[in-house]
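# Architecture at a glance
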Amino acid sequence: MLATIHSAEDARRLARRRLPWMVFDYIDGAAGTGQGAIRNRAALDAMTLCPRVLRDVSERTLETRLFGKPAQRPFGIAPMGMCNLSAPGADLMLARLAARYAIPLGVSTVASTPMEKLIEIAEGHAWFQLYFSGDGAGTFKLVDRAKSAGYKTLVLTVDVPEVGRRPRELRHGFKMPFRIGPQQFLDFAMHPRWSLATLRSGKPQMANFLMEGYEFDRTESRAKATWETLARLRDQWDGNLVLKGILHPEDTLAAKSAGADAVQVSSHGARQLDSAPAAFDALRLIRDAVGPEFPLFYDSGLRSGEDAVKAMISGANFVFFGRVMQYAIAAAGEAGLHQLWDVLSDEFSITMAQIGATSIDDLNP
């Protein structure tokens, strides 16, 4: 399979063949009719890059700095829930990749491996992603737990007051934990390789809530979070605080005033609001609003190293790949993950050469 992974789309095609329909549609799906995902893609495709010639670009580096520390790539791994659905041990594969390249692994609140284990395997290169849920009591317990585990960066996801409706999930009856009925049984039977591997390893679970005293309902309302919630969180958390899921310049300015250390411009991969504007278009507007110094990160719709270059030219200091990582793992395991990572790195470096850039600083708009 490695010989056929030359792009993220190759990995997606293989993942679609190997994964149960229910699991693939959970990973691949978007809110509503999917127009938000189409809009994200169209915005990235609409941006062109002008080649520059006769510049010495023989020596190029993809190294950068993130919160004052070196990173070997200008892109990291976005927080994704239940990664072990793509393959047993997927969370640990991603953690090992983060350690190898000194890039951040986004550890989801609903990861399928405990947060303590992931930061250990990632050798400290892990950021904990936090959902505010219910009345917030459990949320702030997780903050203390992340601090005790050694996390230095907390990412508060703010764009899910209610979980978006994703018809592709609903049609398959996707729920966590799994509820197996005739439809799901047939689905799993049609994909025996995945099913047998998952059976041997045990069904994926929301690992951070297996410990007594921690509970989480994926469908529970998160609508009570306010700017006062952020102020309380800022008082409690003395590390880096990132707000993820902002698309409006005014919200970004408010986050900056409230003490956020960075904002991650994101439409949640178009998984929450079908009518949301393209996150890529929002990135440029937000950069214009906050000026050149405030750190902006980006995710949503990225499918290649060339996309990542476009995001950085448009104002991002660092970007995050999400579901393409799971495609690669589903396609060919850990070897597939590293294969795609090399593809993304090559695409980024080659794009730099084409436009006359030799370092990440050259991409600063």
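Given the structure is predicted, the values throughout are model-derived calculations rather than measurements.

Ring pairs (aromatic) are described by centroid distance and by the angle formed between their planes. For the coordinates displayed, the defined rule picks out 16 aromatic pairs. Seen from their ring centres, Phe 297 and Phe 318 are 6.5 Å apart, and the 75 degrees between their planes marks the pair as edge-to-face. Residue Phe 297 is located in strand β9 (residues 296-298), and its partner Phe 318 is located in strand β10 (residues 318-321); the two are separated by 21 residues in the primary sequence. Residue classification places Phe 297 among the buried positions, given a relative accessible area of 2%.

Turning our attention to the packing of helix α11 (residues 249-257) against helix α12 (residues 279-290). Across the interface, α11 lies against α12 with an axial gap of 9 Å and an inter-helix angle of 45 degrees. Considering the angle they form, α11 stands oblique to α12. As for the relative orientation of α11 and α12, their crossing is right-handed in sense. From α11, Pro 249, Thr 252, Leu 253 and Lys 256 reach across to α12, where they touch Leu 285, Ile 286, Ala 289 and Val 290.

The subject of this paragraph is the nonpolar core. Tyr 151, Tyr 298, Met 325 and Phe 348 are the most contacted members of the largest nonpolar core, which totals 112 residues. Considering every element that reaches this core, the biggest residue donor is helix α14 (residues 323-354), with 14 residues. Ignoring any residue separated from it by four or fewer positions in sequence, one finds Phe 348 in contact with Leu 62, Pro 74, Phe 75, Gly 305, Ala 308, Val 309, Met 312, Ile 360 and Leu 363.

Right, let's get into the pairing of strand β6 (residues 153-157). The buried fraction of β6 is high, at five of five residues. Side chains of β6 alternate between two faces, with Thr 153, Val 155 and Thr 157 and Leu 154 and Leu 156 buried alike. The pairing of strand β5 (residues 126-131) with β6 spans four bridges and is parallel. Of the residues in β6, the one forming a bridge with Gln 129 is Val 155. Taken together, β5, helix α6 (residues 137-149) and β6 constitute a β-α-β crossover, and its handedness is right-handed. Strand direction decides the pairing type here: β6 and strand β7 (residues 240-246), joined by five bridges, are parallel. From the neighbouring strand, Thr 153 faces β7, where its bridge partner is Asn 240.

A separate point is the packing of helix α1 (residues 8-18) against α14. Relative to each other, α1 and α14 sit at 110 degrees, their axes nearing to 7 Å. Overall, the two elements α1 and α14 adopt an arrangement that is roughly perpendicular. Seen along the crossing, α1 lies across α14 with a hand that is right-handed. Packed against α1, whose contacting residues are Ala 8, Ala 11, Arg 12, Leu 14, Ala 15 and Arg 18, the element α14 presents Val 324, Tyr 327, Ala 328, Ala 330, Ala 331 and Leu 340 at the interface.

For the structure on display, the rule yields 14 salt bridges. Among the ionic pairs, Arg 12 bridges to Asp 28, the shortest N-O distance being 2.9 Å. Of this pair, Arg 12 sits in helix α1 while Asp 28 is found in helix α2 (residues 21-28), placing the two residues 16 residues apart along the sequence. One salt bridge connects Arg 166 with Glu 169, and the closest N-O pair in it is separated by 3.0 Å.

This paragraph deals with unusual backbone geometry. Unlike most non-glycine residues, Leu 54 shows phi in positive territory, near 55 degrees. With respect to the element layout, Leu 54 can be found in the loop between α3 (35-46) and β1 (64-66). On the basis of relative accessibility, which here comes to 88%, the residue Leu 54 falls in the exposed class.

Every second residue of strand β8 (residues 262-265) is oriented toward a common face, with Ala 262 and Gln 264 on one face and Val 263 and Val 265 on the other, all of them buried. For the crossover that starts at β7, traverses α11 and ends in the parallel β8, the hand is right-handed. The pairing of β8 with β9 spans three bridges and is classified as parallel. Within the sheet, the bridge partner assigned to Val 263 lies in β9 and is Leu 296. Taking the sense of rotation as the criterion, the β-α-β connection linking β8, α12 and β9 turns out right-handed.

A few words now on a nonpolar patch on the surface. Side chains of Trp 21, Leu 186 and Met 190 sit close together on the surface and give an oily, nonpolar patch of about 320 Å² of accessible area. Assignment of secondary structure puts Trp 21 in helix α2. Since its relative accessible area comes to 38%, Trp 21 is described here as partly exposed.

Relative to the assigned elements, Phe 209 resides in the loop between α9 (192-201) and α10 (227-236). Given the relative accessible area of 12%, Phe 209 is considered buried. Along the backbone, Phe 209 and Phe 132 are 77 residues apart, and their C-alpha atoms lie at a distance of 14 Å.

Checked against the element boundaries, Gln 205 lands in the loop between α9 and α10. Judged by relative accessible area, Gln 205 falls into the partly exposed class, the value being 38%. Note: C-alpha distance between Gln 205 and Leu 85 (120 residues apart in sequence) is 9.2 Å. Apart from residues no more than four positions distant in its own chain, Gln 205 is found in contact with Met 82, Ala 111, Ser 112 and Leu 210.

Reading the values: the criteria
Residues numbered from 1 in each chain as written. Predicted model: local features only at pLDDT ≥ 70, side-chain atom pairs only at ≥ 80, totals over all residues. Heavy atoms only, no water. Phe/Tyr/Trp six-rings, centres within 6.5 Å; stacked < 30°, edge-to-face > 60°. Helix = DSSP H or I, 4+ residues; strand = E, 2+ residues; numbered from the N terminus. Buried < 20%, exposed > 50% of the residue type's maximum accessible area, 1.4 Å probe, protein only. Axes fitted to C-alpha atoms, helices over the stretch in contact; angles between N-to-C directions. Parallel < 35°, antiparallel > 145°, perpendicular 65-115°, else oblique. Left-handed = near helix turned anticlockwise from the far one by under 90°. Contact = heavy atoms within 4.5 Å. Core = buried A, V, L, I, M, F, W, Y, C linked by side-chain atoms within 4.5 Å. Pairing = 2+ DSSP bridges. Right-handed = clockwise from strand over helix to strand, strands pointing away. Salt bridge = Lys/Arg side-chain N within 4 Å of Asp/Glu carboxyl O. Patch = residues over 30% accessible without salt bridge, like charges linked within 9 Å, V, L, I, M, F, W, Y side chains within 5 Å. Areas by Shrake-Rupley, 256 points an atom, 1.4 Å probe, with all protein chains shown as cover.

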